[in-house]
Amino acid sequence: IGITPMINMKRTLGKKVKLRVHVDSSPKAVAHRSVFASCPVLEKFTRVAGGKRPSVKDLVAETLAKAGKDNDFFICGPEEWMTNMQKEFLDCGAKKVMTEVFGSQLATGCPFFQSS
């Protein structure tokens, strides 16, 4: 699942993690929530009353509003979504955005790391 690489990053970075952003179907579907209990969270749910998948533009804007641009951003998810998120973060002034794909990174066109 997409949260797996983020667990190790949280364990390694500890309190340096400024915000966890997670999109899922419902609060019950969020795996390993306790690992991130000590950091601020931005969650979006798609299968709850009033829920919908956030647009890339809206999710990046809300993330930057909460965390600021001068951070390293780590993204895990489907390839096309990560490519779009990475581009939007950089277009909005983020300095460094790293991705972790589902499956083999080399089999995709999604760059592991880009910076402005």
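As the structure is a computational prediction, the values presented were derived from the model and not from experiment. (Residues numbered from 1 in each chain as written. Predicted model: local features only at pLDDT ≥ 70, side-chain atom pairs only at ≥ 80, totals over all residues. Heavy atoms only, no water.)

### Topic: helix α1 (residues 4–13)
Then, in step 1: Considered for burial, the residues of α1 that qualify are P5, M6, I7 and K10.
Then, in step 2: Along its buried surface, α1 packs onto β3 (72–77) and β4 (96–101).
Then, in step 3: Just downstream of α1, G14 is the residue with a positive phi angle, here 55°. (Buried < 20%, exposed > 50% of the residue type's maximum accessible area, 1.4 Å probe, protein only. Helix = DSSP H or I, 4+ residues; strand = E, 2+ residues; numbered from the N terminus. Contact = heavy atoms within 4.5 Å.)

### Structural notes on the confidence of the model for the protein chain
Then, in step 1: Looking at the protein chain, pLDDT values average 89 and 89% of them are 70 or higher.
Then, in step 2: The element-level mean pLDDT for the protein chain is lowest in strand β5 (residues 113–115), coming to 72, with helix α2 (residues 56–67) highest at 98. (pLDDT = per-residue confidence, 0-100.)

### Topic: the pattern of salt bridges
It is possible for side chains bearing opposite charge to pair when their charged atoms get close.
Then, in step 1: Applying the stated criterion across every chain, the model contains five salt bridges.
Then, in step 2: R20 is the partner of E43 in a salt bridge, and the nearest nitrogen-oxygen pair spans 2.7 Å. One end of the pair, E43, is in strand β2 (residues 41–45); the other, R20, is in strand β1 (residues 20–24), and 23 residues separate them in sequence.
Then, in step 3: What makes E43 partly exposed here is its relative accessible area of 21%.
Then, in step 4: Linking E43 and R33 is a salt bridge whose minimum nitrogen-to-oxygen distance equals 2.9 Å. Taken together, the positions of E43 in strand β2 and R33 in the loop between β1 and β2 put the pair 10 residues apart, joining distant regions of the chain.
Then, in step 5: What emerges from the salt-bridge pattern is a single network uniting R20, R33 and E43. (Salt bridge = Lys/Arg side-chain N within 4 Å of Asp/Glu carboxyl O.)

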